[in-house]
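Read off the chains here:
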Amino acid sequence: MKQILSFLLIVTLFLIPCSSAYAWTSFRNEEGRSGANTIHAATPIDTNTTGPRWKKRFSQSMGPVMNSTPVITEKNIYIVSKDVLYKTDKEGAVLSTLQLFASMNSMCYMASDGKNLYIPLGGGLLQCVDMDTMTSVWTSESFGGQSLTTVYIHNGLVYAGTTSGDGSEGCYYCVGAEDGKTRWNYQNETSPCGYYWSGAVSAAFPAGECLLFGGDNGILVSHSLDSDQIYDTLDLSSITGSKGKIRAGITYDAETDAFYTTSNNGYLYQIRMGGNGKFDGVNSVFLGDSADKTVNCTSTPTIYNGRIYVCSYYDNAGRISVIDAETMHTIYTAATGRADIKSSPLVSTGYATEENHHQVYVYFTQNTVPGGIYYIEDSSAAESADIKTLYEPKNNPQFCLHSLAADADGTLYYSNDSGTFFAVHEGFASGDILPSPSPTAPADLPAGSMVSPATPAASTQQTSPGTAAKKKIRPGKPSKIKITKKKKNRGKYKVTLSWKKGDHSKKTQIKIKGKKLKTLSGTKYTLSLKKGVHTILLYGYISPSQKSSAARIRFRVS
């Protein structure tokens, strides 16, 4: 009977839809559960072959332009630039636009419940938009100030905050997802502050649930989800003796049953909750090596397999810290040079196995020109790592505050301050063809006033000046891939691949471990492999500049 129940449980788990597998619903894909900002997909790891599948500048304004973080579904991408919402397909073609009620501020962290988008705008507004029809559903009352927090959706309610330019005043509020009516509006009367790049998450306790959020006063708040009731507050300076601002989100980890956040004076906190929404135990670790040197941290921690990944700026260099989630002991750090890192790390588990000690790839951006993608390789056995460059834009260099998003195909998405939105994957190293704006100063503190509205000018990819634009056919990637294995002499195995050629593809290109094996006109190929786990990439191929994204097959030979 137990075996039958176990089987049914496994089947049930596979049948439960997992939105994270098919969508990126919000900043860090935060849905209030363990595993935020992790993606189980084969993300790009080969610098030599990685580049933009496509990229687009939605605004043609001169100087720095900020886009929102994207919301990604199985078929579409939603992104705000200035006061226009764009809906594109997965190849970057704009399908429809909507003029919003106001412009976004310097950052815009919208979120989706699968039906509607909830978009924070200047003046402390929140606008709800139907994702299918691209029509406005409602606009909230104006809470004043700038909308710079992430948006969190839970049980039919939507939460966000506002701030003044210097973070000295603002509010945190809750509205109904269905009607946009205000449920509560919190302001700390004794220690007023703004809510600036911070975010909220729900926490369960025996008697119910609460909402956790923090602000520029360095105080964590445990608040009722649906009414104007405060369960508890915690001044984090009482833990460290050092006053800092909370300019990051809050991450929950199921293995330790704890919440984690950072303060901008360089501390990472582990927070446990007790009954009735009260705080019950806080640990902290300093992200620097010496207390006499300045640390700045606006990075929301990401947690996988008992390790915390968090970025910061220490001793005039960007760094990423890897910390034990249970003990809060720093395992190691890796430095970048003189580049500040504002982003929150994205962890790809698409290559993790027991044999490689759950090896992961941890991606982040740096707030300096050229505004590319960087990463470390880590595993449960690692005690050090080097920061590597995955991709740097040649023609759109700018500073970058954005964190990375990803989809189920492993494509990485982000914007830098040039206003360019990048969709990056392996097989597109030669795709950097947009004209280059001149780098300007970073869009950093203070986090910007409202961007003035302008008429949207959605651009398609452009060729060099004086060259007529030609539409390139995008070959489809191979499908219906099958593998047959036969044992060969001396411990090697004969492996035969067969596949259906991608749409519009003249050939199929096959790679293993980043090395090109063959470009074939046929649909079958045989090779010899040693015992172990192997990853093979198959690309639909027309020419070196016209290749599909990779169809990635990972399998064991034994």
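Each value, and the rule that gives it
- Residues numbered from 1 in each chain as written.
- Predicted model: local features only at pLDDT ≥ 70, side-chain atom pairs only at ≥ 80, totals over all residues.
- Heavy atoms only, no water.
- Pairing = 2+ DSSP bridges.
- Helix = DSSP H or I, 4+ residues; strand = E, 2+ residues; numbered from the N terminus.
- Contact = heavy atoms within 4.5 Å.
- Phe/Tyr/Trp six-rings, centres within 6.5 Å; stacked < 30°, edge-to-face > 60°.
- Buried < 20%, exposed > 50% of the residue type's maximum accessible area, 1.4 Å probe, protein only.
- Lys NZ or Arg CZ within 6 Å of the ring centre and 35° of its normal.

Trainee: Summarise the sheet that holds strand E10 (residues 135–139); cite the residues concerned and give the values.
Mentor: Read across the open sheet, the four strands follow the order E7-E8-E9-E10; overall the sheet is antiparallel. One side of each edge strand has no neighbouring strand; the edge strands of this open sheet are strand E7 (111–112) and E10. Here strand E8 (residues 116–121) runs beside strand E9 (residues 125–130); their pairing, made up of six bridges, is antiparallel. Note that in E9 the partner of Leu117 across the bridge is Val129.

Trainee: Could you give an account of the environment of Asn276, naming the residues involved and the relevant values?
Mentor: By the secondary structure assignment, Asn276 is in the loop between strand E21 (267–273) and strand E22 (279–286). Between the C-alpha atom of Asn276 and that of Tyr231, which follows or precedes it by 45 residues, the distance is 7.2 Å. Excluding its chain neighbours within four sequence positions, the residues that come into contact with Asn276 are Phe205, Ala207 and Tyr231.

Trainee: Kindly report on the packing of aromatic side chains, identifying the contributing residues and their values.
Mentor: Throughout the structure, instances matching the rule amount to 23 aromatic pairs. Centroid distance Tyr351 to Tyr361: 5.3 Å. Interplanar angle 70°. Geometry classified as edge-to-face. Placement of the pair is Tyr351 in the loop between strand E28 (346–348) and strand E29 (360–364) and Tyr361 in strand E29, with a sequence separation of 10 residues. You'll find Tyr351 and Tyr361 in the same group, each marked buried. Through successive ring pairs, a cluster of aromatic residues spans Tyr152, Tyr159, Tyr172, Trp184, Tyr186, Tyr195 and Phe213. A cation sits over an aromatic face here: Arg247 above Tyr196, 3.7 Å from the ring centre.

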